[in-house]
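# Coordinates in review
Each chain is listed here by its residues.
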Amino acid sequence: MVTAAGTIDAASFEVRRDDLRQTRVVHETMDAEAVAAAGKALLAIDHFALTANNITYAAFGDQMSYWNFFPAAEGHGRIPVWGFATVEASGVEGLPVGERIYGYFPMASHLVVEPTRVSERRFVDGAAHRKGLPAVYNSYERVAADPGYRADREAAQMILKPLVLTSFLIADFLQDNGFFGARQVLVVSASSKTSLGLALCLRRLGVPGLSVVGLTSKGNRGFVEGTGLYDQVVTYDAIASLDATVPTAYVDMAGSAELITALHRHFRDNIVYACRVGGTHWQDLAGRLDLPGARPKFFFAPDQIAKRHGDWGPGGLEERFAGAWADILASADRWMTVRQVEGEAAVGAAYRQTLEGAVAPDTGLVLSLR
Ligand SMILES: NC(=O)c1ccc[n+]([C@@H]2O[C@H](COP(=O)([O-])OP(=O)(O)OC[C@H]3O[C@@H](n4cnc5c(N)ncnc54)[C@H](OP(=O)(O)O)[C@@H]3O)[C@@H](O)[C@H]2O)c1
């Protein structure tokens, strides 16, 4: 909101780092002219997506430095999200006011960035506190130069794209390793968007004799079955009904100590690969566990990206992902409905629902604090 000539009332949604249920909205006055005079840019964040992935950023905020992208006052954190913004003020040559930007933002109405390495396609926020953080999060896309951008698909892009690149890479990693000898892949937290993307990517690979089984909670079973993306859907309380003699790999988006333990105790040495990816069940996150079967390993997407850049050469990965992305977009049109949420109170309510796992899996949340 512009309160006086060039002066902006910027709102930021913050959580307590030691208790993610406690939230507040902080207001600060930003002077657009001063931002431009300092050679920086003021981005007005039009909207951003919120899924369990962002809650995982918060749950791992200290361990994995997610709190360091958008610093807040002592004890509080600004959760990173993916979204779209418009340049509202700029002192940066070649980055005009009005330009549309896609990237990593706080849950806020505005962000001041210090663009460096400005090219036709992107720029990098060179703010001192972001140096040393993973480059992928510091890079902002100038959508006018992105051939894949479509204004009417902004919601799908910000909700799904950051998730399903990982889905694509996991499917590729498993295939690249002959599925470690597994004849079935179990996908834990099967109703999550990352899992649905994975199921679709595995299906696209068309591996003969490989079964893809979705594991989910009772309440989400009907939805998961309805997507038609898994060969079989099993609820968490029915893990014991699965044939324990089948060599099995699992991909775990839930991170739950209870579920991981149940899987290893059931399949024992027939767990031939255990791939940990996420923590949707953030209240029950597993640490190191002494269990039968393959030792769980965290999936590290940059390793597979680097390998495929080597194998496929420049543009090879992007070209292959573009095919998967087109299929995921078409598929998501059948199982995801976008819900727009505006204003401080509604954003707070949507955050709490996401935190508690109370957002229906067919919903894609798009929030705005403007
Ligand atoms: N490491 C990486 O590079 C990477 C990349 C992408 C995603 N991920 C991870 O993958 C996971 C899925 O993310 P997403 O954004 O795709 O999720 P999402 O679509 O928002 O997933 C929602 C589902 O997660 C489960 N869930 C959510 N909150 C819960 C809670 N409080 N308690 C119990 N279950 C809860 C429920 O599934 P069920 O009922 O089926 O369990 C729910 O339907 C996240 O942990 C994310 O961090 C990691």
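Residues numbered from 1 in each chain as written. Predicted model: local features only at pLDDT ≥ 70, side-chain atom pairs only at ≥ 80, totals over all residues. Heavy atoms only, no water.

The next thing to look at is the overall build of the protein. Across its full length, the protein holds 10 helices and 19 strands. Viewed in the frame of its principal axes, the protein has a C-alpha envelope of about 70 × 45 × 35 Å. In the protein, buried positions account for 53% of the 370 residues. Within the protein, counting contacts between residues at least 6 apart in sequence, those at least 24 apart form 70% of the total. Approximately 16,000 Å² of the protein is accessible, and the part contributed by carbon and sulfur atoms is 51%. (Helix = DSSP H or I, 4+ residues; strand = E, 2+ residues; numbered from the N terminus. Buried < 20%, exposed > 50% of the residue type's maximum accessible area, 1.4 Å probe, protein only. Contact = heavy atoms within 4.5 Å. Areas by Shrake-Rupley, 256 points an atom, 1.4 Å probe, with all protein chains shown as cover.)

This paragraph deals with the site of the ligand. Surrounding the ligand, one finds 28 residues, the nearest of these being Thr51, Ser191, Thr194, Ser217 and Tyr236. Within the backbone of Lys193, one N or O atom sits 2.8 Å away from an oxygen atom of the ligand. Alone, the ligand offers 950 Å² of accessible surface; in the complex the protein occludes 87% of this. Where the shell around the ligand is concerned, the elements lending two or more residues are helix H2 (52-59), helix H4 (154-176) and helix H5 (193-205). Ranked by residues supplied to the shell around the ligand, first place goes to H2 with three residues. (Near = heavy atom within 4 Å. Polar contact = N/O pair within 3.5 Å; in protein donor to acceptor, adjacent residues only side chain to side chain.)

Let us now look at the side chain of Arg130. Within the fold, Arg130 resides in the loop between strand S10 (122-125) and helix H3 (135-138). Residue Arg130 is classed as buried on the basis of its relative accessible area of 1%. At 3.0 Å, the side chain of Arg130 and the side chain of Asp125 are in polar contact. For Arg130, the side chain forms a polar contact with the main-chain oxygen of Tyr137, separated by 2.8 Å.

This next bit is on the sheet that holds strand S16 (residues 271-276). Read across the sheet, six strands follow the order S14-S13-S12-S15-S16-S17 without closing on themselves; strand pairing throughout is parallel. For this open sheet the edge positions go to strand S14 (232-235) and strand S17 (297-298), each flanked by a neighbour on one side alone. With four bridges connecting them, strand S13 (residues 211-216) and S14 associate as parallel partners. Residue pairing in the sheet places Leu215 in a bridge with Val234 of S14. (Pairing = 2+ DSSP bridges.)

The next point concerns the packing of aromatic side chains. In the structure shown here, the tally under the stated rule is 23 aromatic pairs. Note on Phe84 and Tyr149: the rings are 6.0 Å apart at their centroids and 50° apart in plane angle, and the pair reads as tilted. Here the residue Phe84 occupies a position in strand S6 (residues 80-90), and Tyr149 occupies one in the loop between strand S11 (139-142) and H4, the gap between them amounting to 65 residues. No difference in accessibility class separates Phe84 from Tyr149, as the two residues are buried. With 5.4 Å between their ring centres and 55° between their planes, Phe105 and Tyr140 make a pair best called tilted. Of this pair, Phe105 sits in strand S7 (residues 100-106) while Tyr140 sits in strand S11, placing them 35 residues apart in sequence. The positively charged end of Arg320 is found above the aromatic ring belonging to Trp312, 4.0 Å away from the centroid. (Phe/Tyr/Trp six-rings, centres within 6.5 Å; stacked < 30°, edge-to-face > 60°. Lys NZ or Arg CZ within 6 Å of the ring centre and 35° of its normal.)

This part covers helix H9 (residues 316-335). Look at H9: 29 Å from first C-alpha to last across 20 residues, which is about the 28 Å you get at 1.5 Å a residue. For H9, every residue scored as buried is listed here: Gly316, Leu317, Phe321, Ala324, Trp325, Ile328, Leu329, Ser331, Ala332 and Trp335. Contact partners of the buried residues in H9: H4, H5, helix H6 (221-227), helix H8 (301-312) and strand S18 (337-342). (Expected span 1.5 Å × (residues − 1).)

This part covers the environment of Ala10. Take Ala10: it is sitting in strand S2 (residues 7-16). Ala10 sits 360 residues away from Arg370 along the chain, and the two C-alpha atoms are 8.4 Å apart. Setting aside residues up to four positions removed in sequence, Ala10 forms contacts with Val26, His27, Glu28, Met30, Ser109 and His110.

Attention shifts here to the packing of H4 against H8. One way to put it is that H4 packs onto H8 with a least axis distance of 10 Å and a crossing angle of 65°. Taken together, H4 and H8 sit at an angle that is classed as roughly perpendicular. The crossing of H4 and H8 is left-handed. Listed contacts from H8 to Leu169, Asp172, Phe173 and Asp176 of H4 are Ala301, Gln304, Ile305, Lys307, Arg308 and Trp312. (Axes fitted to C-alpha atoms, helices over the stretch in contact; angles between N-to-C directions. Parallel < 35°, antiparallel > 145°, perpendicular 65-115°, else oblique. Left-handed = near helix turned anticlockwise from the far one by under 90°.)

Under the definition given, this model contains 27 salt bridges. Among the salt bridges present, the one from Glu14 reaches Arg78, with a minimum N-O distance of 2.9 Å. Linking Glu14 in strand S2 with Arg78 in the loop between strand S5 (76-77) and S6, this pair joins segments that are 64 residues apart in sequence. A relative accessible area of 1% means that Glu14 is categorised as buried. (Salt bridge = Lys/Arg side-chain N within 4 Å of Asp/Glu carboxyl O.)

Next up on the list: the environment of Glu356. Mapping Glu356 onto the fold places it in the loop between helix H10 (344-355) and strand S19 (363-368). Taking the C-alpha atoms as reference points, Glu356 and Leu160, separated by 196 residues in sequence, lie 20 Å from one another. Apart from the residues within four sequence positions on either side, Glu356 is in contact with Arg21 and Gln283.

Attention shifts here to the environment of Asp31. With respect to the secondary-structure elements, Asp31 resides in strand S3 (residues 19-31). A sequence separation of 25 residues divides Asp31 from Gly6, and the C-alpha atoms of the two residues are 5.8 Å apart. Polar side-chain contacts of Asp31 include one of 3.0 Å to the backbone nitrogen of Glu33.

By themselves, these are just geometric observations and shouldn't be taken as functional.
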